[in-house]
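# Per-entry structural report
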Amino acid sequence: MSPLQLLDVRGLPPPEPFMQIMAALAELPPHGSLRVLIHREPFPLNEVLREQGYRWQTLPQAAGEFEILIGRAA
């Protein structure tokens, strides 16, 4: 079972959510996953994740917020 880390960046002004997500991914163990809670869908993040070899799933939540599950691509 891979460790799951939680990062809550809801309400932070740009570019703080992006910076915190990237910092958390840099520390992610090889088989770990990151669960991000954010107040808007971060479309620019998707391209960076793709370029760096991550897989992710974005799930809409209540009140217009999003949950993003990120892990390393197999």
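Below: a short report on this structure. (Residues numbered from 1 in each chain as written. Predicted model: local features only at pLDDT ≥ 70, side-chain atom pairs only at ≥ 80, totals over all residues. Heavy atoms only, no water.)

## Observations concerning the sheet that holds strand S3 (residues 54-60)
Strand pairing in a sheet relies on backbone hydrogen bonds. The paired strands run either parallel or antiparallel. Strand order in the open sheet formed by 4 strands is S1-S2-S4-S3, with mixed pairing between adjacent strands. Either end of the sheet is taken by a strand with one partner, and the two such strands are strand S1 (4-8) and S3. Recorded for the sheet is a direction-independent mean angle of 20° between the axes of neighbouring strands. In this sheet, strand S4 (residues 66-72) lies alongside S3 in antiparallel orientation, the contact comprising 7 bridges. For Trp56, the partnering residue across the bridge sits in S4 and is Ile70. Here helix H1 (residues 16-26) sits on the sheet and contacts S1, strand S2 (33-38), S3 and S4; the angle it forms with S2, its principal contact strand, is near 170°. (Pairing = 2+ DSSP bridges. Helix = DSSP H or I, 4+ residues; strand = E, 2+ residues; numbered from the N terminus. Axes fitted to C-alpha atoms, helices over the stretch in contact; angles between N-to-C directions. Contact = heavy atoms within 4.5 Å.)

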